[in-house]
Every structure is written in structure tokens, then in C-alpha cells.
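The chain contents come next:
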Amino acid sequence: MLSGLLAVNKPIQKTSHDIVAAARKCLKQKKIGHFGTLDPFAEGVLILALGKATKFFDFYLSKRKSYSGIVKFGYATTTYDREGDVDSERTTPDLYSINLKEIISGFIGKQSQLPPMYSAKKVNGKPLYKYAREKKDISRKPAEVEIYSFEYDILDPTELRFTVEVSSGTYIRSIAHDLGVKTGYGAFLESLKRESVGEI
């Protein structure tokens, strides 16, 4: 049985489970897991643990992560990303006309973040996305997260390209949604790439 860590560049439209299943088939080994789920529409670094290396789960789960992506302004969605249904009135954004630097500076540091309903976060042993699919909006407890850095470029009046470094457990989709709330335009995550996990 092989033991060790394997860094995979997960492609778009593949689930984290798809990557684990492919690795199990390729390596003919059942004891393989992953550290940190990536949504199907996201791409980037997914760490697989083989054999005895699965014991490092807690260690890598606590590592900082960095991401890049695009936030699209104009309306909010049910999932906080491009795959959700429209969940707000449509607006006509103009990112050049607002003090975006001041708004984003408010995101730096420790803060309480509410997990999205469409997430794998479990409440009473059941993932939130299952409640969401049942049209049940249940009470969620905010978690303390930290955003260490947030760099951005305005691509056009409706789109913002960003790179962030965050603590474990931070939902980038929630950051995008909250940016929409703060600007008053509504927003969602258009694309996402995990650039690193810890030193990997």
C-alpha cells in the first residue's frame, strides 16, 4: 500500500470525489482521501492523502489557503456562485464609481462568516446543501475566519479579479456574496482557482 501526499490540479466540472475515485482506480488502492473540498465549478490544488498519510488530515486542514478568481456584480445567486439561480433584483453596477478600496479593507482580518446554505457544512449531521435542496433555510452558526490579504483589479464595471489568502474554513463564495451586499449591487463568484494549501 502506498503512503504519501499527492497534489492534483483539479479541473473544472470534476468533483473532489471524482478525483479521489480516479486515483483509487489508477493506483489500485482504496485508502485515499482528500484534504479540503473544491466545488465542481472550481479548479486548482487538491491534496490527496494515500495510506498512512490520511493521518495528516487535521494538520493540512488547518493550513492557510490562497485563491484567485472573478467576482461578478449585478445580482446575487442562491448558491453565491455562477451555478445558482438569481436571488435578488438585477442592478447596473459601476465598480469604478465606488470606493472599493475602503470596502475591501473592511474584509481584512478576523471576522464572523456565515456558511452558505449550499455548502457541505453539516448541521445535525446533515450537509447544508441537502436542506437547501429541500427548500429549508435552517439556522446556521457563524464561524470565525481570517482574511490575511485581498488584492484585486477591476476588469470592467461589473467584474473584479482577486487573489486572497485566507484561514481554513473560509468560504470564498461568501466573500463574493458579502461584497455584493456591501456595494449594494449584488454579486456572486464567477470563477475560482485554489492556488495553494500551506506550502503546497
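All of these numbers come straight from a predicted model, not from anything done at the bench.

Caption draft 1: Quick peek at a nonpolar patch on the surface. Nonpolar side chains collect at one region of the surface, where L5, F56, F59 and I200 lie side by side and expose about 340 Å² of accessible area between them. Mapped onto the elements of the fold, L5 is located in strand β1 (residues 4-10).

Caption draft 2: How the structure looks around helix α5 (residues 172-183). Compared with the 16 Å implied by 1.5 Å per residue over 12 residues, the 17 Å span of α5 between its first and last C-alpha is a close match. Among the 12 residues in α5, 9 count as buried, and that is most of the element. When α5 is considered as a whole, its buried residues turn out to be I172, R173, S174, I175, A176, H177, L179, G180 and T183. Immediately downstream of α5, the backbone of G184 shows phi near 85 degrees, a positive value.

Caption draft 3: Structural context of unusual backbone geometry. One non-glycine residue, Q13, lies in positive phi territory at about 70 degrees. As for its position among the elements, Q13 is in the loop between β1 and α1 (16-27). With a phi angle near 55 degrees, K28 is a residue other than glycine that sits in the positive phi range. Looking at the secondary structure, you find K28 in the loop between α1 and β2 (32-35).

Caption draft 4: Quick peek at the nonpolar core. With 24 residues, the main nonpolar core has V71, I172 and L179 as its most contacted residues. Elements supplying a minimum of two residues to this core: β4 (65-73), α3 (100-105), β8 (143-156), β9 (159-166), α5 and β10 (187-197).

Caption draft 5: Spatial organisation of the side chain of K10. Note that K10 resides in strand β1. Salt bridges are absent for the buried K10, whose nearest opposite-charge side chain, D18, sits at 7.4 Å. At 3.4 Å, the side chain of K10 and the backbone oxygen of D39 are in polar contact. Within the local environment of K10, its side chain forms a polar contact with the backbone oxygen of A42, the two atoms lying 2.7 Å apart. Apart from residues lying up to four places away in sequence, K10 is in contact with T15, S16, I19, L38, D39, P40, A42, E43, G44 and L46.

Caption draft 6: Spotlight on the pairing of β9. Two strands pair when backbone bridges link them, and β4 and β9 are joined in this way by 8 bridges, in the antiparallel orientation. Of the residues in β9, the one forming a bridge with S66 is E165. Bridge analysis of β8 against β9 gives 8 bridges, and the strand direction is antiparallel. From the neighbouring strand, D156 faces β9, where its bridge partner is E159. A loop of 2 residues connects β8 with β9, the two strands running antiparallel in sequence.

Caption draft 7: Up close: the packing of aromatic side chains. Scanning the entire structure with this criterion turns up 3 aromatic pairs. Ring geometry for F35 versus F57: centroids 5.7 Å apart, planes at 70 degrees, classification edge-to-face. Highlighted residues: F35 in strand β2 and F57 in helix α2 (residues 57-61), separated in sequence by 22 residues. Between K126 and the ring centre of Y131, over which it is positioned, the NZ or CZ distance is 4.6 Å.

What counts and how
Residues numbered from 1 in each chain as written. Predicted model: local features only at pLDDT ≥ 70, side-chain atom pairs only at ≥ 80, totals over all residues. Heavy atoms only, no water. Patch = residues over 30% accessible without salt bridge, like charges linked within 9 Å, V, L, I, M, F, W, Y side chains within 5 Å. Areas by Shrake-Rupley, 256 points an atom, 1.4 Å probe, with all protein chains shown as cover. Salt bridge = Lys/Arg side-chain N within 4 Å of Asp/Glu carboxyl O. Helix = DSSP H or I, 4+ residues; strand = E, 2+ residues; numbered from the N terminus. Expected span 1.5 Å × (residues − 1). Buried < 20%, exposed > 50% of the residue type's maximum accessible area, 1.4 Å probe, protein only. Core = buried A, V, L, I, M, F, W, Y, C linked by side-chain atoms within 4.5 Å. Lys, Arg positive; Asp, Glu negative; His and termini not counted. Polar contact = N/O pair within 3.5 Å; in protein donor to acceptor, adjacent residues only side chain to side chain. Contact = heavy atoms within 4.5 Å. Pairing = 2+ DSSP bridges. Phe/Tyr/Trp six-rings, centres within 6.5 Å; stacked < 30°, edge-to-face > 60°. Lys NZ or Arg CZ within 6 Å of the ring centre and 35° of its normal.

Note that every value here comes from positions in space, so none of it alone points to a role or purpose.
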